[in-house]
4 protein chains.
Amino acid sequence: MVNAPAVAADELTRLLTAEFPQVWSNASGLSIEKVWSGGCRLRQAFREQLLRPGATISGATIMALGDYAVYVAVLATIGWEPLAVTTSLNVNFLRKPGCKDLLADCDLIKVGKRLIVGEVTIREAGEDRDDGPIAHLTSTYSVPPRR
Amino acid sequence: MVNAPAVAADELTRLLTAEFPQVWSNASGLSIEKVWSGGCRLRQAFREQLLRPGATISGATIMALGDYAVYVAVLATIGWEPLAVTTSLNVNFLRKPGCKDLLADCDLIKVGKRLIVGEVTIREAGEDRDDGPIAHLTSTYSVPPRR
Amino acid sequence: MVNAPAVAADELTRLLTAEFPQVWSNASGLSIEKVWSGGCRLRQAFREQLLRPGATISGATIMALGDYAVYVAVLATIGWEPLAVTTSLNVNFLRKPGCKDLLADCDLIKVGKRLIVGEVTIREAGEDRDDGPIAHLTSTYSVPPRR
Amino acid sequence: MVNAPAVAADELTRLLTAEFPQVWSNASGLSIEKVWSGGCRLRQAFREQLLRPGATISGATIMALGDYAVYVAVLATIGWEPLAVTTSLNVNFLRKPGCKDLLADCDLIKVGKRLIVGEVTIREAGEDRDDGPIAHLTSTYSVPPRR
């Protein structure tokens, strides 16, 4: 069962584009697929400039995607609070992606007053056969006290 | 005591610029300050586009800097091996940086045949008073078997 | 769909009790609920001596439970290989457990030739209402090359 | 430069033994070597029952030692606050220890109002030659607001 987000996807995209113009743009390839209270799905479209040696997408891209997924899930759950900040992040890289879009599925596993913890699984989009996820992350956000 | 690197800083910069032109460039602001066998220091020059809400440098930038620091330390220690890949990374964000260059100091704490583990402390450059580090990371790289 | 384990739960319990008599015993309260190829469920029965200040189960107990869950899942998947060792572990503590048994559900999210990564969610047993998980872990095991 | 602890080692030992009698006892082998404001050194004396297959000390023992080191460093820095709890912990196991005492050196790398982050290096005691550390941990504690 999925609950309505505190802020809709369109509105989040508009706000994020205004706040982080380098990150949320057509050029970057990062976009929101859907949001709900407690999670979201983001897409990182494939871009040549994200490649690293071995014809694979860089770890920095994958970490950024995972971190943004938790950020978006936090905002979709508690409302627009751009000053939420990451306090820690852990990532396991599971296999190398090919030249494909990536999807990041985030679920918040704790929503506390101060600390919110999200879990993210990153997969290749449109996998016809499932070779398993690309990466798995957990990340903790610290949020200002809410009224 | 510091041992000579397997590849000098100039040569590493030349090779990295060829392999990762988006990452290692004047535009990106990322550069090698020094390398030795077992570690390195990188600099991330301040760039407006690295900012996020709160007038602070984005977590994605800090994670990328830390990950590249371990990568450079690995290459400086075992020689040019661009297919070394991160298997896991953990980061703790300790305080928000201001609008300053960042320095990443990396020491390898394990150099195994297959797995290499690095530890990175990220600080603001030119701190006149020490407010403590910005972030601390550990990261594990998997390296192809060496001859 | 769940696949048959490489070693059955009874046999694993017998082997583990022989190898780790302090850990796998009635006194410790640790037991296997079920295993399959790719995962397992362990139970940590409540014991007074596991408490810490705040009338809650110690973090050390929770970490040990999670680490053993990945170990058992590895053995259930690749067969009896007691020399498998943890290379890294990350845990997020999500809320304090009460004086109850704990259940650890482990799924392996990567089964490579050398490295196996497991994800574990720890919950209170018999929760009538779901207050959410107690802890979430990921752990990487290094395994000797298989024939 | 080392600052006086908020609570002396003898007093901490007395308080911890009263609160955690299973953990802080001659039987367990865990003891405080020294404390200061911002850190501590703990010793885990070698005990047969800590061994696991491969004649090496179990990962669970090493994680518990590291977690207690951060706990003791927190108490030595902010004063007796037994309700401080771990929110996250990350450990890298670097090499297998032999049948020796272990020393855990902890430094707090952030002391915030709510969150305290410690870094721990675990080594074998009395190494005549340095084969490098056994394990490296970081751990975050949440502390009740202080007056």
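To keep things clear, this report deals only with the structure shown in the data block.

Here is what the cut-offs are and how they apply
- Residues numbered from 1 in each chain as written.
- Chains lettered and ligands numbered in written order.
- Predicted model: local features only at pLDDT ≥ 70, side-chain atom pairs only at ≥ 80, totals over all residues.
- Heavy atoms only, no water.
- Helix = DSSP H or I, 4+ residues; strand = E, 2+ residues; numbered from the N terminus.
- Rg over C-alpha atoms; globule rule 2.2 N^0.38 Å.
- Buried < 20%, exposed > 50% of the residue type's maximum accessible area, 1.4 Å probe, protein only.
- Contact = heavy atoms within 4.5 Å.
- Areas by Shrake-Rupley, 256 points an atom, 1.4 Å probe, with all protein chains shown as cover.
- Lys, Arg positive; Asp, Glu negative; His and termini not counted.
- Charge placed at Lys NZ, Arg CZ, Asp CG, Glu CD.
- Least-squares fit on C-alpha atoms with pLDDT ≥ 70 in both.
- Buried area = accessible area lost by both parts, 1.4 Å probe.
- Salt bridge = Lys/Arg side-chain N within 4 Å of Asp/Glu carboxyl O.
- Polar contact = N/O pair within 3.5 Å; in protein donor to acceptor, adjacent residues only side chain to side chain.
- Phe/Tyr/Trp six-rings, centres within 6.5 Å; stacked < 30°, edge-to-face > 60°.

1. Considering the overall build of chain A
1) Next: Within chain A one finds two helices and eight strands.
2) Next: Element order for chain A, N to C, with α for helix and β for strand: α-β-β-β-β-α-β-β-β-β.
3) Next: The globule rule puts the C-alpha radius of gyration for 147 residues at 15 Å, and the 15 Å found for chain A is close to it.
4) Next: Taking the principal axes of the C-alpha coordinates as reference, chain A spans close to 50 × 30 × 30 Å.
5) Next: Expressed as a percentage of the 147 residues in chain A, the buried residues total 60%.
6) Next: Within chain A, residue pairs in contact and separated by at least 24 positions form 65% of the contacts whose partners lie at least 6 positions apart.
7) Next: Surface summary for chain A: the accessible area is close to 6,000 Å², and the carbon and sulfur share equals 50%.
8) Next: Charged side chains in chain A number 16 positive and 16 negative. The centres of these two groups are separated by 5 Å.

2. With respect to the relation of the copies chain B and chain A
1) Next: Superposition of chain B onto chain A requires a rotation of 180° combined with a translation of 0.0 Å along the rotation axis, giving an RMSD of 0.0 Å. Read as a symmetry element, the transformation amounts to a two-fold axis. Of the C-alpha atoms belonging to chain B, the one lying closest to the rotation axis is found on asparagine 90 of chain B, 2.2 Å away.
2) Next: Most of the interface of chain B is mirrored in chain A, where 100% of its interface residues again form contacts.

3. Re the interface of chain B and chain A
1) Next: Counting from both sides, the interface comprises 26 residues of chain B and, opposite them, 26 residues of chain A.
2) Next: Broken down residue by residue, the surface that chain B buries against chain A is led by Arg52, Pro53 and Met63 of chain B, which jointly contribute 23%.
3) Next: Between chain B and chain A we count zero salt bridges in total.
4) Next: Applying the counting rule to chain B against chain A returns six residue pairs in polar contact (both at pLDDT 80 or more).
5) Next: Of all elements in the fold, only α2 (59–78) and β5 (85–93) of chain B reach the threshold of two or more residues within the side of chain B that touches chain A.

4. Thoughts on the relation of the copies chain B and chain C
1) Next: Expressed as a screw operation, the relation of chain B to chain C combines 0.0 Å of axial shift with a rotation of 180°, fitting to an RMSD of 0.0 Å.
2) Next: Here 100% of the interface residues in chain B have copies in chain C that are interface residues too; the copies meet face to matching face.

5. Overview of the packing of aromatic side chains
1) Next: Scanning the entire structure with this criterion turns up 16 aromatic pairs over all chains.
2) Next: When the centroid spacing of 6.3 Å and the interplanar angle of 80° are considered together, the rings of phenylalanine 20 of chain A and tyrosine 68 of chain A count as edge-to-face. Remark: tyrosine 68 of chain A occurs in helix α2 (residues 59–78) and phenylalanine 20 of chain A occurs in the loop between α1 (9–19) and β1 (30–36); sequence separation between them is 48 residues. Tyrosine 68 of chain A matches phenylalanine 20 of chain A in its accessibility class, with the two residues each being buried.
3) Next: Here the aromatic rings of phenylalanine 20 of chain B and tyrosine 71 of chain B are separated by 5.7 Å at their centres, their planes lie at 80°, and the arrangement is edge-to-face. With phenylalanine 20 of chain B in the loop between α1 (9–19) and β1 (30–36) and tyrosine 71 of chain B in helix α2, this pair connects stretches of sequence that are 51 residues apart.
4) Next: Within the aromatic cluster, the residues linked to one another by ring pairs are Phe20, Trp24, Tyr68, Tyr71 and Tyr141 of chain A.

6. Things to note about the pattern of salt bridges
1) Next: Tallied over the entire structure, the rule returns 24 salt bridges over all chains.
2) Next: Residues glutamate 11 of chain A and arginine 14 of chain A are paired through a salt bridge, measuring 3.0 Å at the closest nitrogen-oxygen approach. Of the two residues, glutamate 11 of chain A and arginine 14 of chain A are both situated in helix α1; the distance of three residues between them amounts to about one turn of the helix.
3) Next: With relative accessibility at 32%, the residue glutamate 11 of chain A sits in the partly exposed group.
4) Next: Two residues, lysine 100 of chain C and glutamate 124 of chain C, come together in a salt bridge whose shortest N-O distance is 3.7 Å. Here the residue lysine 100 of chain C occupies a position in the loop between β5 (85–93) and β6 (102–111), and glutamate 124 of chain C occupies one in strand β7 (residues 115–124), the gap between them amounting to 24 residues.

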